[in-house]
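In case you want the letters, here they are:
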Amino acid sequence: AAGVIQSPRHLIKEKRETATLKCYPIPRHDTVYWYQQGPGQDPQFLISFYEKMQSDKGSIPDRFSAQQFSDYHSELNMSSLELGDSALYFCASSLGPGRTGGELFFGEGSRLTVL
Amino acid sequence: GESVGLHLPTLSVQEGDNSIINCAYSNSASDYFIWYKQESGKGPQFIIDIRSNMDKRQGQRVTVLLNKTVKHLSLQIAATQPGDSAVYFCAENKLTGGGNKLTFGTGTQLKVEL
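Attention here is on the structure that accompanies the text. (Residues numbered from 1 in each chain as written. Chains lettered and ligands numbered in written order. Predicted model: local features only at pLDDT ≥ 70, side-chain atom pairs only at ≥ 80, totals over all residues. Heavy atoms only, no water.)

**Section: the overall build of chain B**
(1) Moving on: Broken down by element type, chain B carries zero helices and eleven strands.
(2) Moving on: Going residue by residue from the N terminus, the α and β elements of chain B occur as β-β-β-β-β-β-β-β-β-β-β.
(3) Moving on: Burial status across chain B gives 43% buried among its 114 residues.
(4) Moving on: In chain B, 53% of the contacts between residues at least 6 apart in sequence involve partners at least 24 apart.
(5) Moving on: Carbon together with sulfur atoms contributes 46% to the accessible area of chain B, which is approximately 5,400 Å² in total. (Helix = DSSP H or I, 4+ residues; strand = E, 2+ residues; numbered from the N terminus. Buried < 20%, exposed > 50% of the residue type's maximum accessible area, 1.4 Å probe, protein only. Contact = heavy atoms within 4.5 Å. Areas by Shrake-Rupley, 256 points an atom, 1.4 Å probe, with all protein chains shown as cover.)

The structure is reproduced here in structure tokens:
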């Protein structure tokens, strides 16, 4: 079965650079979520999109932005990178409201290292 | 504020024994409570969920118990196997107009000893 696809899997950037992470949800899933997970920490919710509109916002820094495109894939753009942005970034997808029991399907994550 | 947290950071069990992982939560408005398993370098994997109006749900080798009186959630794994070694997260899910709002608690590292 198709899963959530994230790219790139690994990314190394310098401070103050920009990075873009991509997420391709499971086919027919119209909702995507972005999470950030630091070493030894639980995943922290950043932002979500439903039908290409932002549906919820968590602890996403102002330096970050995201969007969902017409094909439902999503991109997380991170600018002015800081050392503290080094983390695993997970994308998850689900069916829209009212059509899910609450299960989010997660991708394998993108590991960002800021030097 | 809203929070979901686990009691123990590490749990070691012998292969074949039953494992019990506990979780405390503070937000009573959640619609679902979910357990995720995360292996090293991988994304969280859904194990089982339970609706907030239920108190027990069973899956294959796993059982989730919800005690709303004391705001406590537990995951029981029967006959624990080496492949069960991972970090387990409890999470609460509040259904919103835009989908799900999933809040993770602190993970518990389960170590299965041979």
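**Remarks on the environment of Val13(B)**
(1) Moving on: Considering the arrangement of structural elements, one finds Val13(B) in strand β2 (residues 10–14).
(2) Moving on: Val13(B) sits 98 residues away from Lys111(B) along the chain, and the two C-alpha atoms are 6.3 Å apart.

**Here's the deal with the packing of aromatic side chains**
(1) Moving on: Taken as a whole and judged by the stated rule, the model has eleven aromatic pairs over all chains.
(2) Moving on: When the ring of Tyr35(A) is compared with that of Phe104(B), the centres are 5.5 Å apart and the planes differ by 90°; the resulting orientation is edge-to-face. Taken together, the positions of Tyr35(A) in strand β4 (residues 31–37) and Phe104(B) in strand β10 (residues 99–104) put the pair across two chains. In terms of burial, Tyr35(A) and Phe104(B) fall into one category: buried.
(3) Moving on: Their ring planes at 45° and their centres at 4.4 Å tell us that Tyr25(B) and Phe33(B) sit as a pair that is tilted. In terms of burial, Tyr25(B) and Phe33(B) fall into one category: buried.
(4) Moving on: Feature note: the residues Tyr35(A), Phe45(A), Phe90(A), Phe106(A), Tyr36(B), Phe46(B), Phe89(B) and Phe104(B) constitute an aromatic cluster, connected by ring pairs. (Phe/Tyr/Trp six-rings, centres within 6.5 Å; stacked < 30°, edge-to-face > 60°.)

**Comments concerning the interface of chain B and chain A**
When the parts of a complex come together, some accessible area is lost, and that lost area is often used as the size of the interface.
(1) Moving on: Residue-level contacts link 22 residues of chain B with 24 residues of chain A.
(2) Moving on: Together chain B and chain A conceal approximately 1,800 Å² of surface at their shared face, both sides included; 52% is due to carbon and sulfur atoms.
(3) Moving on: Taken together, the links from chain B to chain A amount to zero salt bridges.
(4) Moving on: Joining chain B to chain A, the criterion identifies three residue pairs in polar contact (both at pLDDT 80 or more).
(5) Moving on: Elements that contribute at least two residues to the side of chain B that touches chain A include exactly β4 (32–38), β5 (45–51), β9 (86–96) and β10 of chain B.
(6) Moving on: With five residues, the single largest contributor to the side of chain B that touches chain A is β10(B).
(7) Moving on: Here the side of chain B that touches chain A is built from residues that sort into eight nonpolar, eleven polar and three charged. (Buried area = accessible area lost by both parts, 1.4 Å probe. Salt bridge = Lys/Arg side-chain N within 4 Å of Asp/Glu carboxyl O. Polar contact = N/O pair within 3.5 Å; in protein donor to acceptor, adjacent residues only side chain to side chain. Nonpolar A, V, L, I, M, F, W, Y, C, P; charged D, E, K, R; others polar.)

**Here we look at unusual backbone geometry**
(1) Moving on: Here the residue pair Ser7(A) and Pro8(A) is connected by a cis peptide bond, since its omega of -10° sits within 30 degrees of zero.
(2) Moving on: With a phi angle near 75°, Tyr72(A) is a residue other than glycine that sits in the positive phi range.
(3) Moving on: Considering the arrangement of structural elements, one finds Tyr72(A) in the loop between β7 (64–68) and β8 (74–78).
(4) Moving on: Not every positive phi belongs to a glycine, and Ala79(B) is a case in point at roughly 50°.
(5) Moving on: Tracing the backbone through its elements, the reader meets Ala79(B) in the loop between β8 (72–77) and β9.

**Some points on the environment of Tyr50(A)**
Residue and element names in this part refer to chain A.
(1) Moving on: Summarising the element assignment, Tyr50 is placed in strand β5 (residues 44–50).
(2) Moving on: Taking the relative accessible area as the measure of exposure, Tyr50 reaches 26% and is therefore partly exposed.
(3) Moving on: Distance in space between the C-alpha atoms of Tyr50 and Leu95 is 9.0 Å, their sequence separation being 45 residues.

**Describing the state of the cysteines**
All names here are of chain A.
(1) Moving on: If you walk through the whole model with that rule in mind, you get two disulfides over all chains.
(2) Moving on: Each disulfide pairs two cysteine sulfurs, and for Cys23 the partner residue is Cys91, the sulfurs being separated by 1.8 Å. For the disulfide bridge between Cys23 and Cys91, the dihedral angle about the S-S bond is near -60°, and by the sign convention the bridge is left-handed. You can see Cys23 sitting in strand β3 (residues 19–24) and its partner Cys91 sitting in strand β9 (residues 87–94), a full 68 residues away along the chain. (Disulfide = S-S within 2.5 Å.)

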